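# Examining the three-dimensional arrangement
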Amino acid sequence: MAFRFADRMLAQLDELGRISESPDFLVRTFLTPEQKAAHEKAAQWMREAGMSVEHDSAGNVVGRYEGTSPDAPVLMLGSHLDTVRNAGKYDGMLGVIAPIACIADLNRRGKRLPFTIEVVGFVNEEGTRFGSPMTGSRAIAGTFDPAMLEAKDRNGISMGEAYKAYGLDPAKVGSCARKPGSVAAFMELHIEQGPVLEHNNLALGVVTAISGARRHRVEVTGLAGHAGTVPMGQRQDALLAAAEAALFIEKRCTGTPTLVGTVGMMEALPGAMNVIPGMARFSVDIRASDDATRDAAIDDVLREIEAICARRKLKVSVTELYNSTATPCHPALMKAAEEAIRAQGVETMHLPSGAGHDAATLAPLCPIGMIFMRCTKGISHNPLEAVLPEDVELATAALLHFIENFRTVQ
Ligand code: HGY
Ligand code: MN
Ligand code: MN
């Protein structure tokens, strides 16, 4: 069945899904040649849709569709174009391709609205390469922290050095910050990345709030040794402390509604089968729908990590990489999103987001809203991530309705 939007969009999402640092799985991280290639592809589609395009000081790709009154505040749309490792091809990218399809439709009809529309492909929402996420949306929101330029990737390259190698001045990353009042609203379309819409047999949902997250990197230092000669009772095995900590995180974060804790990365160093790990590095990602619940869990976890390392006579250093607060969506945008969805003749529901999104980062700048689209079995951050073409069609039609009926939020 030929769709008005979905056929071309799914082909574009497939094309972006093939721009990867690995031939074996999808991974496209911050300030890489693959990021540049994906942004150039998006820029081409933005131009074809009738937009002017710029790449801003943080590396975001920004398409602009002028309105009838040039000095009216901007309606900003978009999402991120970077991915996790072994990613699906809809997380982020759907939220860039859909608004481009909407603008292309307006342009085909020669329709201009009483406000300018911008579509942004944000950089580094995931934080895959340097640990610290949301760089592009923070820069636009005016909350970019230059200290993040010190964060290093797994090869020891800092974000600042990577910016230079990419051709951007690290000292100017934050210069793309928007003036307060210059952006009327930000609306992000994103796959739900969870099972709730599918469980309720709904294609689209209205997001109520976005969970806050905090991320830490932990480094444990013990004593490397010979696996065959050091008796078990005389070891300072850094990896076992990390393993104990991971199990404590699971236990502490189990049983409290909306509280989740994840150790997504763990390294044993020097990383040889016959060497007792003298060092271990691991990540801690803890979230909840309210900050107090989350922060109490983090306090307990950090205290337990210290205790484990003291007992095992190990040194430990903890670095906080990210701290975002739980963010409510603006009621007026929730209402407009619900109207836009219902105008497609379908039911919908309100639901929170356990995942973080660029929308939350933009909340200090302007009112924010999100529309969720069902994804198969709620799977995400996984190549099995999948969507239904009819849902893509519905989501894009709803987004277009939202755009054409948008009124500045009071
Ligand atoms: O981690 C998150 O919630 C998002 O996918 N960056
Ligand atoms: Mn993601
Ligand atoms: Mn995402």
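Report on the accompanying structure.

What counts and how
Chains are numbered independently. Their residues run from 1 in the order of the written sequence. Both sets of labels track the order of writing: A upward for chains, 1 upward for ligands. Side-chain atom pairs in this predicted model are given and counted only at pLDDT of 80 or more, local residue features only at pLDDT of at least 70, and totals for whole chains, interfaces and linings cover all residues. Based on all heavy atoms of the structure, the side-chain values leave hydrogens and waters out of the count. Under this scheme, a helix contributes an axis fitted over its contacting stretch, all axes are lines through C-alpha atoms, and angles between N-to-C directions fall in the 0 to 180 degree range. In DSSP terms, a helix is any run of H or I states spanning at least four residues, a strand is any run of E spanning at least two, and both are numbered starting from the N terminus. For classification, angles of less than 35 degrees are called roughly parallel, those exceeding 145 degrees roughly antiparallel, those between 65 and 115 degrees roughly perpendicular, and all remaining angles oblique. By definition, turning the near helix anticlockwise from the far helix through less than a right angle yields a left-handed crossing, and turning it clockwise yields a right-handed one. What makes two residues a contact is simply this: any of their non-hydrogen atoms within 4.5 Å. For Phe, Tyr and Trp, where Trp contributes only its six-membered ring, two rings pair if their centres lie within 6.5 Å, and the inter-plane angle classes them as stacked under 30 degrees, edge-to-face over 60, or tilted in between. Three labels apply to residues, based on accessible area from a 1.4 Å probe with only protein chains included: buried if under 20% of the type maximum, exposed if over 50%, partly exposed otherwise in between. Listed donor atoms are N, O and S within 2.8 Å of the metal (Na, K and Ca: 3.2 Å). As water is not included, a site may look incomplete.

Orientation of helix α3 (residues 94–108) relative to helix α11 (residues 389–404), taken along the N-to-C sense of each, is 60°, at an axis distance of 9 Å. When the interaxial angle is binned, α3 and α11 end up oblique. For the pair α3 and α11, the sense of crossing is right-handed. Mapping the contact onto sequence places L94, A98, P99, A101, C102, D105 and L106 in α3 and V392, T396, L399, L400, I403 and E404 in α11.

It is worth spelling out the environment of L247 at this point. Mapped onto the secondary structure, L247 falls in helix α7 (residues 238–252). Sequence-wise, L247 and V263 are 16 residues apart; in three dimensions their C-alpha atoms are separated by 9.4 Å.

Bringing the packing of aromatic side chains into the picture now. We describe a pair of aromatic rings using the distance from one ring centre to the other and the angle between the two ring planes. Taken as a whole, this structure holds five aromatic pairs when the rule is applied. Ring plane angle 90° and centroid distance 5.4 Å describe the contact between F30 and Y163, whose orientation is recorded as edge-to-face. One end of the pair, F30, is in the loop between α1 (6–17) and α2 (33–48); the other, Y163, is in helix α5 (residues 159–166), with 133 residues separating them in the sequence. Y163 matches F30 in its accessibility class, with the two residues each being buried.

Attention now goes to the coordination of the manganese ion (ligand 3). Here the manganese ion (ligand 3) is held by the protein donor atoms H80 (NE2), D91 (OD) and H190 (NE2), which lie 2.1 to 2.3 Å from it. Written as a sequence motif, the donor residues of the manganese ion (ligand 3) are H-x10-D-x98-H. Taken as a pair, the manganese ion (ligand 3) and the manganese ion (ligand 2) lie 3.4 Å from each other and share D91 as a ligand. With a gap of 11 residues between them, H80 in strand β3 (residues 74–80) and D91 in the loop between β3 and α3 connect regions that are remote in the sequence. Of the two residues examined, H80 and D91, each falls in the buried class.

With respect to the helices and strands, S324 occurs in the loop between β13 (315–323) and β14 (327–328). Residue S324 is classed as buried on the basis of its relative accessible area of 14%.

On to the coordination of the manganese ion (ligand 2), then. In the first shell of the manganese ion (ligand 2), the protein supplies D91 (OD), E126 (OE) and H381 (NE2), at 2.1 to 2.2 Å from the metal. Each donor residue of the manganese ion (ligand 2) belongs to the same chain, with the gaps between them written as D-x34-E-x254-H.

With that out of the way, let us pick up unusual backbone geometry. With an omega of 10°, the peptide bond running from L269 to P270 counts as cis. As for its placement among the helices and strands, P270 is situated in the loop between β10 (266–269) and β11 (275–276). Of note, the phi angle at T258 is positive, near 70°, even though the residue is not glycine. Mapped onto the fold, T258 is located in the loop between α7 and β9 (260–262). Overall, T258 belongs to the partly exposed group, its relative accessible area being 45%. Its identity is not glycine, yet K377 carries a phi of approximately 55°, on the positive side. Position of K377 relative to the elements: it lies in the loop between β16 (368–373) and α11. Given the relative accessible area of 61%, K377 is considered exposed.

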